[in-house]
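A look at the structure
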Amino acid sequence: MTIYSLYIFDRHCTCVYYQDWHRTIRPKTAVEGGMLPAVYAPVYPSANADASYSNRNTLSASSGIVVAVNVNDDGPTTPLPAQQAYSPIAPQPPPPTSSLSFDEEAKLVYGVVLSLRNMVKKLSGKDEQFVNYQTSTYKLHLYETPSGYKFVMLSDPNADSLRFVLRQIYAGPFLEYVVRNPLVEMDSKAHGIDNDYFRVSTDRLVRGLTVFQ
């Protein structure tokens, strides 16, 4: 069984945490203002990378060799000969990236959960709960806490119910490193809940499962 990713949404329908394991298509960087900080650093929108580089030394992305040097900011600059894009170790091609930005992806995931949950309640009554649904390529699992936080996990379609895993994440790392962490502002609407202890503990819990591959 393969576990792909984990989303956590707060009571304000906002994604406050994300983590993945066997995802082959990487999430795309979110648009500016589209997601909270402290959710998932690799997709958080940052300032223009070109503007953050110093003009004193610029590194070649392929070889790490200095290809431009400016010792005196006031004096003329002399460009160096272009370096060949060669590395003794062939770089790995970047993984494919999703066509959706992360913020749009998170909204779609929450929209599906909300729609199916409401449909189940209308068709089956208030006592019924939406816990998972399955497509030909993945299976979505849902665990909702009494405080309104929604834990959503995506896995391969052949997986059994993973609600017990989401329950373990909530009762273990979430309570220990988020709820009881004075440095984490829950329901702040300004920050997510990501922190090193919670991420490492969640990763260790998931990788330690007998069903994890």
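These numbers come from a predicted model, not from an experiment.

1. A few points about the packing of aromatic side chains
For any pair of aromatic rings, geometry is given as the distance between the ring centres together with the angle between the planes. Under the defined criterion, the tally for this structure stands at 17 aromatic pairs. Plain terms: the ring middles of Y18 and F102 are 5.1 Å apart, the flat faces sit at 70 degrees to each other, and that makes the pair edge-to-face. Placement of the pair is Y18 in strand β2 (residues 15–20) and F102 in helix α2 (residues 102–124), with a sequence separation of 84 residues. In this structure Y18 comes out as buried when scored by relative accessible area, which is 0%. The structure contains a cluster of three or more aromatic residues connected by ring pairs, namely Y17, Y143, Y149, F151, Y170, F174 and F198.

2. Considering unusual backbone geometry
We note that C13 has phi near 70 degrees; this positive angle belongs to a residue other than glycine. Tracing the backbone through its elements, the reader meets C13 in the loop between β1 (3–9) and β2. Judged by its relative accessible area of 42%, C13 falls in the partly exposed class. Phi is positive for A38, close to 65 degrees, though the residue is something other than glycine.

3. Quick word on helix α3 (residues 163–179)
Between the first and last C-alpha of α3 there are merely 20 Å, a value that for 17 residues lags more than 12% behind the 24 Å anticipated at 1.5 Å per step. Among the structural elements, β1, β8 (139–144), β9 (150–155) and α4 (196–207) are those in contact with the buried residues of α3.

4. Topic: the sheet that holds β2
Taken in spatial order, the five strands line up as β2-β1-β9-β8-β7 in an open sheet, and their pairing is antiparallel. The outermost strands of the open sheet, each flanked by one partner alone, are β2 and β7 (132–134). Going from strand to strand, the sheet's axes swing by 15 degrees on average, the running direction of each strand aside. As paired elements, β7 and β8 share three bridges and run antiparallel to each other. What sits directly across from N132, in β8, is H141.

5. Some details on the packing of α3 against α4
One can describe the packing of α3 onto α4 by two numbers: an axis separation of 9 Å at closest approach and a directional angle of 155 degrees. Comparing their axes, α4 and α3 come out roughly antiparallel. Between α3 and α4 the crossing geometry is right-handed. For the pair α3 and α4, the contacting residues are V165, Q168, I169, P173, F174, Y177 and V178 in the first and Y197, F198, S201, T202, L205 and V206 in the second.

About the criteria used
Residues numbered from 1 in each chain as written. Predicted model: local features only at pLDDT ≥ 70, side-chain atom pairs only at ≥ 80, totals over all residues. Heavy atoms only, no water. Phe/Tyr/Trp six-rings, centres within 6.5 Å; stacked < 30°, edge-to-face > 60°. Helix = DSSP H or I, 4+ residues; strand = E, 2+ residues; numbered from the N terminus. Buried < 20%, exposed > 50% of the residue type's maximum accessible area, 1.4 Å probe, protein only. Expected span 1.5 Å × (residues − 1). Contact = heavy atoms within 4.5 Å. Pairing = 2+ DSSP bridges. Axes fitted to C-alpha atoms, helices over the stretch in contact; angles between N-to-C directions. Parallel < 35°, antiparallel > 145°, perpendicular 65-115°, else oblique. Left-handed = near helix turned anticlockwise from the far one by under 90°.

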